[in-house]
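Structure assessment
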Amino acid sequence: MKLFGHPGSTCTRKVLCTMNELGVSHEFELVDLAKGEHKLEANLKRQPFGKIPSFEDGDVRLFESRTICRYLSDAHGQGKLTPADAAGRARMNLAIDIEASYFTPHAMTFIYEHVFKRPQGDEKLASAQQSLDHTLDVLDGILARTPYLAGADFTLGDIVYLPYLEYLALTPVFASVKARPNVSAWWTRCSERPGWQKAAGR
Ligand SMILES: N[C@@H](CCC(=O)N[C@@H](CS)C(=O)NCC(=O)O)C(=O)O
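Fair warning: this is a prediction, and the values are worked out from it, not measured in the lab.

Our focus in this paragraph is the site of the ligand. As a structural note, the neighbourhood of the ligand is formed by S9, T10, C11, H38, K39, K51, I52, P53, E64, S65 and R66. Contact between the ligand and H38: an oxygen atom at 3.2 Å from a side-chain N or O atom of the residue. Within the side chain of E64, an N or O atom sits 2.7 Å from a nitrogen atom of the ligand. About the coverage of the ligand: the protein hides 74% of its 510 Å² of free accessible area. Sorting the residues of the shell around the ligand by element identifies α1 (10-22) and α3 (65-76) as the ones contributing at least two each. A breakdown of the residues in the shell around the ligand according to their chemical character gives three nonpolar, four polar and four charged.

Structure, rendered in structure tokens:
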């Protein structure tokens, strides 16, 4: 199988972490964002929206990081990273939906502002802070009951958050994560996993 992406990209790192956790080997082809390679024809054929990552496994061709992670767990996971029962799978998918809808858009506002130095404006930052705090409260409530977002085990529902938290840790907003004891302990637990350490380039 082959992954096309960039080692610093949040969406690429989700997929790399999933591959590492599952122990599947892969080829990696760099799509250099700094050189605009994601907008070139070769990448557009794999990812029609001109983004990374994209993925090939034989004749299976995919894009969208969360879809690739789900495919990897289904096709190569042998029960790892996805709960076996319907209720557990629903909790995992809920965690992924919360991440995509209510966490990442607000987290990215601060990552653009502080890490990529793209000023977001005071109004947007204030609104993102309020929304992020609310999402962190919801996550803290879930994690007060179970060690991982879908229950007792580490799943894709946890992996999808890690790339954004890794970059948020470089911003002043990480104080909001640290202020929530269950989220903070969960982040420590997840980020210490060798699968994440390797995906983050350590
Ligand atoms: N929903 C897509 C988002 C992909 C995405 O936004 N990728 C970023 C890198 S993490 C990218 O290609 N950015 C370059 C651009 O938007 O021009 C996914 O999960 O794969």
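Taking 1.5 Å of rise per residue, the 24 residues of helix α5 (residues 122-145) would be expected to cover 34 Å, and the 35 Å separating its terminal C-alpha atoms lies within 8% of that figure. Those residues of α5 that sit buried are L125, A128, L132, T135, L136, L139, D140, I142 and L143. Against α4 (86-115), α7 (162-168), α8 (174-178) and α9 (181-191) lie the buried residues of α5.

What follows covers the packing of aromatic side chains. Tallied over the entire structure, the rule returns eight aromatic pairs. Between F103 and Y161 the ring centres are 5.1 Å apart and the planes differ by 55 degrees, which places this aromatic pair in the tilted class. Pair noted here: F103 is in helix α4 and Y161 is in the loop between α6 (156-159) and α7, with a separation of 58 residues, a long-range link. Looking at Y161, the relative accessible area reads 0%, which means it is buried. The side chain of R118 reaches across the aromatic face of Y112, ending 4.3 Å from its centre. Its guanidinium or amino end placed over the ring of Y148, R189 lies 5.4 Å from that ring's centre, counting from NZ or CZ.

Going through the model one piece at a time under the given rule, you end up with six salt bridges. For E29, the salt bridge identified is with K2, shortest N-O distance 2.9 Å. One end of the pair, E29, is in strand β2 (residues 27-30); the other, K2, is in strand β1 (residues 2-5), with 27 residues separating them in the sequence. A salt bridge links R180 to D137; the shortest N-O distance between them is 2.9 Å. Of this pair, R180 sits in the loop between α8 and α9 while D137 sits in helix α5, placing them 43 residues apart in sequence.

Tracing the backbone through its elements, the reader meets T18 in helix α1. Once residues lying within four places of it in the same chain are set aside, the contact partners of T18 are C69, L72, L81, L156 and I159.

Read across the sheet, four strands follow the order β2-β1-β3-β4 without closing on themselves; strand pairing throughout is mixed. Two strands in the sheet have a free side with no partner beyond their single neighbour: β2 and β4 (60-63). When strand polarity is set aside, the average angle formed by the axes of neighbouring strands in this sheet is 15 degrees. For strand β3 (residues 54-57) and β4, the ladder comprises four bridges, and the chain directions are antiparallel. Paired with F55 across the two strands is L62, which belongs to β4. Contacts from α1 reach β1, β2 and β3 within the one sheet, and its direction differs from that of β1 by about 155 degrees.

Calculation rules
- Residues numbered from 1 in each chain as written.
- Predicted model: local features only at pLDDT ≥ 70, side-chain atom pairs only at ≥ 80, totals over all residues.
- Heavy atoms only, no water.
- Near = heavy atom within 4 Å.
- Polar contact = N/O pair within 3.5 Å; in protein donor to acceptor, adjacent residues only side chain to side chain.
- Areas by Shrake-Rupley, 256 points an atom, 1.4 Å probe, with all protein chains shown as cover.
- Helix = DSSP H or I, 4+ residues; strand = E, 2+ residues; numbered from the N terminus.
- Nonpolar A, V, L, I, M, F, W, Y, C, P; charged D, E, K, R; others polar.
- Expected span 1.5 Å × (residues − 1).
- Buried < 20%, exposed > 50% of the residue type's maximum accessible area, 1.4 Å probe, protein only.
- Contact = heavy atoms within 4.5 Å.
- Phe/Tyr/Trp six-rings, centres within 6.5 Å; stacked < 30°, edge-to-face > 60°.
- Lys NZ or Arg CZ within 6 Å of the ring centre and 35° of its normal.
- Salt bridge = Lys/Arg side-chain N within 4 Å of Asp/Glu carboxyl O.
- Pairing = 2+ DSSP bridges.
- Axes fitted to C-alpha atoms, helices over the stretch in contact; angles between N-to-C directions.

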